[in-house]
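Structural description and commentary
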Amino acid sequence: ADGEKGEAGMPGEKGEQGDKGGPGIDGNIFRIKAESGQPIPPEYYIWIEIINTVLETTEFGDKGEPGPQGPEGAKGAKGEPGDNGVPGTPGENGTPGTDGIPGDQGPPGEDGAKGAQGAKGDTGAPGTDGEKGDKGEKGETGQKGLAGIQGEKGEPGVDGAKGDKGPDGDCQPDDYTPCNCDTHVLVKHSQTLDAPECPTDFEALWSGYSLVFFEGNGYGLSQDLGSAGSCLEEFQLVPFMQCSSSDVCRHGVRTDKSFWLAVGAEADYTVKPMTSIDEIQDHISRCTVCLGTQYILARHSFTDTAPECPEDFSPLWEGYSYVMVTSSGVSGGGQDLASSGSCLEEFHLPTFIECLGRGTCAYYINNLDYWLAQNPDITQPGMWGMGNVYSGLDDILEQGVARCTVCARNTLDL
């Protein structure tokens, strides 16, 4: 029977050096080394042939469970810059900064372009009289003047010598020869921007602007449109001034007003009042004062047909029967229905424009015109049309406003 295994013997002496080995297997060497790190990492050299042999002969077991986390590795080298990221959404607006310290005053700028021509200024005060001019040349002979007013009856003459007895005659009154000795003023209003011409056989004295009435301190003064006072040669928004007993006069008081015949321009009650004198004058009717020897009167028909003139009268123009105007409060004025001013050739609404002492003119909704109305139904005299409302210009002209004719007395042939 075998005995128990003995104890290990003493180590033997070192053997002699062996023979030199043969050449190694050719192959590539696989070098493993980290690029950087502290401390300096070691390098490993592995023959690729050995790796291939291991891979071919080794049977790999299943993947084990993850091991515990190893120690933190050495810090790697700085990587290449990454691609640009997607632009972020715009941030919210910051709060406004505080105002900076005002800068020094800059140098004067260059002269600007020439501005547009300004509005026409108010009429200046009259200048001083110039020196007396040289005597002018003798003018041409003027036109024959109008017949003068008949003189007073002269003193009885000295009795003449007794004449011879005449033949017996028939009993009849002495011949009477009338004369055209009186002169009469006629005013024409064109209700346009053009001054009208005088009728035949009438002489023009002056042209101007058609005034209807004034208002001062709440009281009105009307002008008959058939009188020379309704045709002012100069236009002012308020052509009068207010004077007190303390030797003080004020021109253009805010409460003073003037009212002028209009030209029939479209009235817009929603716009601001006009302040330009050139714009205002485009709304004022022109007029002419005429002088002649024919007596003038106006006749009204109370129908939509102009009436005929009386016997021995001839028509000068036909129109619409104008009565009066009113403004705010108790202000207003009327026309003499026998005057030519009560027969306007054009029918305009509104008929007049209002100017104020503060320097403005406008059409106002509370300014009213009054006209004679038609009354054609003779079965109900004085009652026709009471309470009727005429809406629109056609209804007003066809059924509402009465017509008139201005007539002149025929000249007697001498």
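Provided above is the structure to which this section pertains.
Looking only at helices and strands, the protein features three helices and 18 strands. Out of the 414 residues in the protein, the part that is buried amounts to 26%. Of the contacts formed within the protein by residues at least 6 apart in sequence, a portion of 73% connects residues at least 24 apart. Accessible surface, the protein as shown: approximately 32,500 Å² in total, 50% of it carbon and sulfur.

Residue Leu-349 is joined to Pro-350 through a cis peptide bond whose omega torsion reads -5 degrees. The topology assignment puts Pro-350 in the loop between β14 (343-344) and β15 (352-356). Phi is positive for Gln-191, which is not a glycine, with a value near 55 degrees. Mapped onto the secondary structure, Gln-191 falls in the loop between β3 (184-189) and β4 (203-216). A residue is classified by how much of its surface remains accessible, and Gln-191, at 2% relative accessible area, is buried.

Before going further, it helps to spend a moment on the pattern of salt bridges. It is possible for side chains bearing opposite charge to pair when their charged atoms get close. Under the defined criterion, the tally for this structure stands at three salt bridges. One salt bridge connects Lys-188 with Glu-345, and the closest N-O pair in it is separated by 3.4 Å. With a gap of 157 residues between them, Lys-188 in strand β3 and Glu-345 in the loop between β14 and β15 connect regions that are remote in the sequence. Note on Lys-188: relative accessible area 14%, which makes it buried. A residue is classified by how much of its surface remains accessible, and Glu-345, at 29% relative accessible area, is partly exposed. For Lys-257, the salt bridge identified is with Glu-215, shortest N-O distance 3.9 Å. Pair noted here: Lys-257 is in strand β9 (residues 257-261) and Glu-215 is in strand β4, with a separation of 42 residues, a long-range link. A relative accessible area of 12% places Lys-257 in the buried class. Salt bridges sharing partners connect three or more residues here, namely Glu-215, Lys-257 and Glu-354.

As a further point, take a nonpolar patch on the surface. On the surface, a nonpolar cluster with roughly 240 Å² of combined accessible area is contributed by Met-324, Leu-368 and Tyr-370. Mapped onto the elements, Met-324 comes out in strand β12 (residues 313-326).

Here we take up the pairing of strand β17 (residues 368-371). Residue alternation in β17 divides its side chains into a buried set, Asp-369 and Trp-371, and an unburied set, Leu-368 and Tyr-370. Where β12 meets β17, four bridges bridge the pair, whose relative direction is antiparallel. The residue of β17 that forms the bridge with Tyr-322 is Trp-371.

The next subject is the state of the cysteines. In the structure shown here, the tally under the stated rule is six disulfides. A sulfur-sulfur distance of 2.1 Å marks the disulfide that ties Cys-231 to Cys-287. The S-S bond linking Cys-231 to Cys-287 shows a torsion near 100 degrees; that makes this disulfide right-handed. In this pair, Cys-231 is assigned in strand β6 (residues 231-232) and Cys-287 in strand β10 (residues 286-292), connecting sequence segments 56 residues apart.

Summed over the entire model, instances satisfying the criterion amount to eight aromatic pairs. Ring geometry for Tyr-209 versus Phe-235: centroids 5.6 Å apart, planes at 50 degrees, classification tilted. Residue Tyr-209 is located in strand β4, and its partner Phe-235 is located in the loop between β6 and β7 (241-243); the two are separated by 26 residues in the primary sequence. Summarising the burial analysis for this pair, Tyr-209 and Phe-235 share the class buried. Note on Phe-259 and Phe-352: the rings are 5.8 Å apart at their centroids and 65 degrees apart in plane angle, and the pair reads as edge-to-face. With Phe-259 in strand β9 and Phe-352 in strand β15, this residue pair connects regions lying 93 residues apart in the sequence. By relative accessible area, Phe-259 is classed as buried at 0%.

Let us now look at the side chain of Ser-258. Here Ser-258 shows up in strand β9. Within polar-contact distance, the side chain of Ser-258 engages the side chain of Trp-260 at 2.9 Å. Those residues in contact with Ser-258, other than ones at most four positions away along the chain, are Phe-213, Phe-214, Gln-236, Leu-237, Val-238, Pro-239, Ile-353, Glu-354 and Cys-355.

Moving on, we come to the environment of Thr-351. Within the secondary structure, Thr-351 sits in the loop between β14 and β15. Along the sequence, Thr-351 and Tyr-370 sit 19 residues apart, while their C-alpha atoms lie 9.8 Å from each other. In this view, Thr-351 contacts Trp-260, Leu-261, Ala-262, Tyr-322, Leu-344, Asp-369 and Trp-371; residues no more than four positions away in its chain are not counted. A polar side-chain atom of Thr-351 sits 3.2 Å from a polar atom in the side chain of Asp-369.

Okay, the side chain of Thr-288 next. Positionally, Thr-288 belongs in strand β10. At 3.1 Å, the side chain of Thr-288 forms a polar contact with the side chain of Ser-207. Excluding anything up to four places from it in sequence, Thr-288 contacts Leu-186, Val-187, Lys-188, Ala-195, Pro-196, Cys-198, Ala-204, Trp-206, Ser-207 and Cys-231.

Reading the values: the criteria
Residues numbered from 1 in each chain as written. Predicted model: local features only at pLDDT ≥ 70, side-chain atom pairs only at ≥ 80, totals over all residues. Heavy atoms only, no water. Helix = DSSP H or I, 4+ residues; strand = E, 2+ residues; numbered from the N terminus. Buried < 20%, exposed > 50% of the residue type's maximum accessible area, 1.4 Å probe, protein only. Contact = heavy atoms within 4.5 Å. Areas by Shrake-Rupley, 256 points an atom, 1.4 Å probe, with all protein chains shown as cover. Salt bridge = Lys/Arg side-chain N within 4 Å of Asp/Glu carboxyl O. Patch = residues over 30% accessible without salt bridge, like charges linked within 9 Å, V, L, I, M, F, W, Y side chains within 5 Å. Pairing = 2+ DSSP bridges. Disulfide = S-S within 2.5 Å. Phe/Tyr/Trp six-rings, centres within 6.5 Å; stacked < 30°, edge-to-face > 60°. Polar contact = N/O pair within 3.5 Å; in protein donor to acceptor, adjacent residues only side chain to side chain.

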